[in-house]
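# Residue-level structural notes
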Amino acid sequence: MSARLIATLLLAALIGSALSVRAADEHGHDHGDPAPAANANGPSRRPDGSVFLPKPAQYQLSVRTMRVQAGELARTLELAGTVVMDPNAGGKVQASIAGRIEAGPRGLPSVGQAVRKGEVLAFVAPSASPLERSGQAAQLAEVQAARVLADKRLARLQALSDTVPRREIEALEAEVASLDARARVLGGGLAAREALVAPVAGVIASAHVVAGQVVDARELVVEIVDPSRLRVEALAYDAAVAGDVAGATLAVGGERVPLRFLGAARVLREQALPLSFAAQGPALSRLAVGQPVQVFVRTRAKVQGVAVPLAALMKSPSNQTIVWVKTAPERFEPRVVTVEPLDGVHAAVTSGLRPGERVVTSGAALVNQVR
């Protein structure tokens, strides 16, 4: 065998051994699970910022759209307001004398209790020092003694009515009646209680008494409010707004409550002009006196824009206000818009939308989260 043939056989043996070792290593080594295949039919964000959302996902996320129309909208100002009591439908119960609180016919009033006009809520037993009480008792004893003497004199005169002038008998009868009235007044003053009466019908908003509490004169005991009749005070930092009010609304839980403009004050408060509005309706039962609210005042000026629900307004990663527009059955595009307040439930889009486009009004937050 030649040396060349031997070298060829050795090279072939070495190559075969190396291949077998590599195959064994690859067979015993775990490279992990294969990469999952991308789901091209699921919700996804496209490179241009638009969102692909298939129809089943739209139904699952309850995505709803509306076709917008442009028009003239009232220019609206958003003012900070506060719910206040209507003076004709609310009142305060105060004690006119100092004394101790006693329960009324229905017990002491509690917060949330409905009351009627003229209902007795509690009593105030007057508190007097022992010296004052002894003085009143001594005065009552003197009046009662004088009345006893007057009764006896009257009886003697009546027995001698034939010889005594009639005017003397009548004068003594008047004196007896006067002494009797004075005795009743003094006797009642020692045990009299002041009744605290509800001035209006409504619901007790606050109660500041407990059994046995001692109150001073003019101290607030109970506050009554009619929850269906409230007022709202808003602060306008531009006095010209008072002469340009065309209407106003208040948003309560997604529901618009119309407000009636009553007038503006002529004294500044916190460098602003208070505007007074009257509100009525069942939605006001969810408000409380003193609660801060946002009042949307419509002016007579007009602005060209599109009305969209507030739920359609979202924020982009760059903190810009956007809305999602449906450009295809399964494609949504973000649009940067400029908005102004409208009525607390809708907003006026003044730029960024074209008439006839379909804007996402329900499920916009979920569309905005697709990545």
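Residues numbered from 1 in each chain as written. Predicted model: local features only at pLDDT ≥ 70, side-chain atom pairs only at ≥ 80, totals over all residues. Heavy atoms only, no water.

The next thing to look at is the packing of aromatic side chains. Scanning the entire structure with this criterion turns up 1 aromatic pair. Geometrically, the ring pair formed by Phe261 and Phe277 is tilted, given 5.4 Å between the ring centres and 50 degrees between the ring planes. Of this pair, Phe261 sits in strand S15 (residues 255–264) while Phe277 sits in strand S16 (residues 273–280), and the two are 16 residues apart along the sequence. The exposure class of Phe277 is buried, given its relative accessible area of 0%. (Phe/Tyr/Trp six-rings, centres within 6.5 Å; stacked < 30°, edge-to-face > 60°. Helix = DSSP H or I, 4+ residues; strand = E, 2+ residues; numbered from the N terminus. Buried < 20%, exposed > 50% of the residue type's maximum accessible area, 1.4 Å probe, protein only.)

Take unusual backbone geometry next. Notably, Arg218 is not glycine yet its phi reads approximately 70 degrees, a positive angle. Within the secondary structure, Arg218 sits in the loop between strand S11 (214–215) and strand S12 (220–225). The residue Asn319 is not glycine, and still its phi comes out positive at about 65 degrees. Tracing the sequence through the fold places Asn319 in the loop between strand S18 (314–315) and strand S19 (321–328).

This next bit is on the nonpolar core. In this structure, Leu250, Leu259, Leu275, Phe277, Leu287 and Val295 are the most contacted members of the largest nonpolar core, which totals 26 residues. Put simply, the parts of the chain that give this core at least two residues each are strand S4 (70–85), strand S13 (229–236), strand S14 (245–252), S15, S16 and strand S17 (292–309). Not counting residues up to four positions away in its chain, the partners in contact with Leu250 are Val232, Glu255, Arg256, Val257, Leu259, Leu287, Val293 and Gln294. Core analysis: the next-biggest nonpolar cluster, separate from the first, contains 16 residues, Val93, Val200, Val209 and Ile224 among them. (Core = buried A, V, L, I, M, F, W, Y, C linked by side-chain atoms within 4.5 Å. Contact = heavy atoms within 4.5 Å.)

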